[in-house]
Amino acid sequence: QKEVEQNSGPLSVPEGAIASLNCTYSDRGSQSFFWYRQYSGKSPELIMFIYSNGDKEDGRFTAQLNKASQYVSLLIRDSQPSDSATYLCAVNLRTNAGKSTFGDGTTLTVKP
Amino acid sequence: DAGVIQSPRHEVTEMGQEVTLRCKPISGHNSLFWYRQTMMRGLELLIYFNNNVPIDDSGMPEDRFSAKMPNASFSTLKIQPSEPRDSAVYFCASSLYTGKNTEAFFGQGTRLTVV
């Protein structure tokens, strides 16, 4: 089992819809969770981080964390074609404090 | 701040040659990471420094790879000898590790092609 797993996708949604991206992790003691966005040919950039159970909202983005289920998700409301990218989930595993372990990413396409 | 700066942006080399990738982290950051990204294996952590000291190099694929961080503002990743399977995009990232928040800022990457 991978330490951080994401649905490989690709995920396709129409413009204006809600895109839901999911991530599970293996280390129950993990403390910090990040979502990065990577456009094709570019480097990853952080869009959200979350530390506590529940929801965290930032504009059109909402990160959800459920530590009991070892699950973190990213919701993108009112999806735009500019949101088309690969979304990487990263987890600061308890066993590797100070570094993040990345999932393989989910590629999202928002169709006009 | 200019962000994390990597050089070169692109490198094409012949199999067997030595390749050196360079990274300047964001000033004030205390952690530096070297990642490799391929379609097959995704984003893999190669090595991680904290306060210029290598903390975890378990991701370094083999002895052909070595990394150094002689000071807080510079790091190198060296491959000697290079092989075609080393072709990938290599990212350097830095962060200010405070015990919890490890938000990493990535450089633009070096696209390495070994022919």
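First, a word on scope: everything that follows refers to the structure included in this document. Nothing here was measured: the structure is a model prediction, and the numbers come from that model.

What counts as what
- Residues numbered from 1 in each chain as written.
- Chains lettered and ligands numbered in written order.
- Predicted model: local features only at pLDDT ≥ 70, side-chain atom pairs only at ≥ 80, totals over all residues.
- Heavy atoms only, no water.
- Helix = DSSP H or I, 4+ residues; strand = E, 2+ residues; numbered from the N terminus.
- Buried < 20%, exposed > 50% of the residue type's maximum accessible area, 1.4 Å probe, protein only.
- Contact = heavy atoms within 4.5 Å.
- Lys, Arg positive; Asp, Glu negative; His and termini not counted.
- Charge placed at Lys NZ, Arg CZ, Asp CG, Glu CD.
- Core = buried A, V, L, I, M, F, W, Y, C linked by side-chain atoms within 4.5 Å.
- Polar contact = N/O pair within 3.5 Å; in protein donor to acceptor, adjacent residues only side chain to side chain.

Helix and strand counts for chain A stand at zero helices and eleven strands. For chain A, the α and β elements follow one another from N to C terminus as β-β-β-β-β-β-β-β-β-β-β. Along the first, second and third principal axes, the C-alpha atoms of chain A reach 40 × 30 × 20 Å. Considering chain A as a whole, with its 112 residues, one finds that 47% of them fall into the buried category. Relative to all contacts within chain A whose residues are 6 or more apart in sequence, the contacts with residues 24 or more apart total 54%. Considering chain A, the positive charge centre built from 11 side chains and the negative charge centre built from 11 side chains are found 4 Å apart.

Counting 24 residues, the largest nonpolar core has A:Trp35, A:Val72, A:Leu74, A:Ile76 and A:Tyr87 as the members making the most contacts within it. Those residues within four positions of A:Val72 in sequence are excluded, and the remaining contacts are A:Leu21, A:Asn22, A:Cys23, A:Phe33, A:Trp35, A:Ile50, A:Gln64, A:Leu65 and A:Cys89. Listed in part, the 21 residues of the second largest apolar core include B:Leu32, B:Ala67, B:Tyr90 and B:Cys92.

This part covers the side chain of B:Asp86. All names here are of chain B. Relative to the helices and strands, Asp86 resides in the loop between strand E8 (74–79) and strand E9 (88–95). For Asp86, a relative accessible area of 1% corresponds to the buried category. Engagement of the side chain of Asp86 in a polar contact is seen with the backbone nitrogen of Glu83, the distance being 2.7 Å. Residues contacting Asp86, with those up to four places away along its chain left out, are Arg36, Arg64, Phe65, Ile79, Pro81, Leu112 and Val114.

So, on to the environment of B:Phe105. Residue and element names in this part refer to chain B. Summarising the element assignment, Phe105 is placed in strand E10 (residues 105–106). Spatially, the C-alpha atom of Phe105 lies 15 Å from that of Arg36, the residues being 69 residues apart in sequence. Residues contacting Phe105, with those up to four places away along its chain left out, are Val4, Ile26, His29, Cys92, Ala93 and Ser94.

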